[in-house]
Amino acid sequence: MTAETDAELIEEGRKLFAGEWKFVWASPSIETLPPMAGMEVAFAGRSNVGKSSLINALTGRNALARTSHTPGRTQELIFFEGPDKAGLRLVDMPGYGYASAPKTQVASWTRLIHQFLLGRATLARVYVLIDARHGIKDVDKDVLKTLDKSAVSYHVVLTKADQVKAAELQKNITETAAALAKHPAAFPDVLVTSSRTGAGMPELRAAMVRLLQERG
Ligand SMILES: Nc1nc2c(ncn2[C@@H]2O[C@H](COP(=O)(O)OP(=O)(O)OP(=O)(O)O)[C@@H](O)[C@H]2O)c(=O)[nH]1
Ligand SMILES: [Mg+2]
């Protein structure tokens with residue numbers, strides 16, 4: 001890709017996400033999903049990794065998705081819709097690996113997450129969020145395995161990059177990319193983001209515009 005198309009995609013991404021984004025649907029179960037329409041992009045990751053914050057940073061809204069400093073905030077699949085013609089939906093997912101939640105609750109969220117990732121024809125891309133301070137954990141590996149089985153393309157996003165020093169960040173980027181080499185269905189590189197500083201948002205928006213164009 002040329003620098004020129006890169007700049008064009010970044011500008012298209014800016015415009016798409018500057019448009020109106022709104023909440024459309026919340027599903028506590030796989031039986032209550034909204035009718036399939038358009039193209040969906042989901043955000044998965046451990047509890048508290050920053051999924052809802054990333055959706056807010058992407059859309060430039062403080063409270064489109066509900067965030068919290070305690071884990072377990074998002075308890076359903078939450079669907080947001082962009083400007084009508086674009087046909088793009090963002091799906092905020094409950095977090096996995098939340099150790100102190102009741103066991104039945106964790107099991108039910110985990111089942112919901114895995115079922116959704118495996119069997120949704122309109123799901124075009126999953127961003128798997130990994131805390132830039134901690135790297136890939138065992139619970140993340142379970143989700144990567146599920147994604148390997150599904151037909152969906154997935155891309156790892158490091159979050160909270162503002163919380164790590166440059167050298168440590170570089171080390172975690174390298175280690176994460178090395179772990180991804182075992183997952184051919186994953187994008188080989190990692191996206192580095194901070195919802196606090198906005199780092200990585202233009203690139204992430206551009207990636208979704210490119211996906212829309214490919215699927216268009
Ligand atoms: N420093 C920093 N903090 C962040 C960033 N993104 C999120 N946070 C904080 O991390 C906490 C969790 O953020 P959420 O967006 O609610 O995380 P989540 O993954 O949606 O969590 P669950 O819905 O509980 O699974 C909040 O206190 C956020 O302010 C970031 O880029 N930098
Ligand atoms: Mg959340």
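- In the annotation of an unreviewed UniProt entry, the protein is listed under the name Probable GTP-binding protein EngB and assigned to Bradyrhizobium icense.
- A UniProt comment under Function (unreviewed entry) is attached to the protein, and it reads "Necessary for normal cell division and for the maintenance of normal septation."
- Recorded in UniProt for the protein, the comment headed Sequence similarities (unreviewed entry) runs: "Belongs to the TRAFAC class TrmE-Era-EngA-EngB-Septin-like GTPase superfamily. EngB GTPase family."

1. Here's the deal with the overall build of the protein
Phase 1 of the analysis: Looking only at helices and strands, the protein has six helices and seven strands in total.
Phase 2 of the analysis: Ordered by position from N to C terminus, the α and β elements of the protein give α-β-β-α-β-β-α-β-α-β-α-β-α.
Phase 3 of the analysis: Dimensions of the protein along its principal axes, counting C-alpha atoms only, are 50 × 45 × 35 Å.
Phase 4 of the analysis: For the protein, buried positions account for 41% of its 216 residues.

2. Description of the packing of helix H3 (residues 103-118) against helix H4 (residues 138-149)
Two measures define how a pair of helices packs: the angle their axes make with one another and the distance between the axes.
Phase 1 of the analysis: Relative orientation of the contacting elements H3 and H4 amounts to 25 degrees, with a least axis distance of 9 Å. As judged from the angle between their axes, H3 and H4 are roughly parallel. The two elements H3 and H4 cross, and the hand of that crossing is right-handed. Contact residues: His114, Leu117 and Leu118 in H3; Thr146, Leu147 and Lys149 in H4.
Phase 2 of the analysis: For the contact of H3 with H4, a count of residues per class yields three nonpolar, two polar and one charged.

3. What about the site of ligand 1?
Phase 1 of the analysis: Neighbouring ligand 1 are 24 residues; Gly50, Ser53, Thr67, Thr74 and Gly95 lie closest to it.
Phase 2 of the analysis: The biggest single contributor to the shell around ligand 1 is helix H2 (residues 51-59), with three residues.
Phase 3 of the analysis: Here the residues of the shell around ligand 1 are counted per class, giving three nonpolar, 16 polar and five charged.

4. Here's the deal with the nonpolar core
Burial of nonpolar side chains together is a common tendency in soluble globular proteins.
Phase 1 of the analysis: Among the nonpolar cores identified, the biggest contains 56 residues, and Phe43, Ala44, Val91, Val126, Val128, Leu129 and Leu158 are the most heavily contacted of them.
Phase 2 of the analysis: When residues of this core are assigned to their parent elements, the largest contribution, seven residues, is made by strand S5 (residues 123-131).
Phase 3 of the analysis: With residues up to four places along the chain from it excluded, the contact list for valine 91 reads Glu40, Val41, Ala42, Phe43, Leu77, Ile78 and Phe79.

Conventions used here
Residues numbered from 1 in each chain as written. Chains lettered and ligands numbered in written order. Predicted model: local features only at pLDDT ≥ 70, side-chain atom pairs only at ≥ 80, totals over all residues. UniProt positions renumbered as here; feature names shortened; annotations may be inferred. Helix = DSSP H or I, 4+ residues; strand = E, 2+ residues; numbered from the N terminus. Buried ≥ 20, exposed ≤ 12 C-beta atoms within 10 Å, placed from the backbone. Axes fitted to C-alpha atoms, helices over the stretch in contact; angles between N-to-C directions. Parallel < 35°, antiparallel > 145°, perpendicular 65-115°, else oblique. Left-handed = near helix turned anticlockwise from the far one by under 90°. Contact = placed C-beta atoms within 7 Å. Nonpolar A, V, L, I, M, F, W, Y, C, P; charged D, E, K, R; others polar. Near = placed C-beta within 6 Å. Core = buried A, V, L, I, M, F, W, Y, C linked by C-beta atoms within 7 Å.

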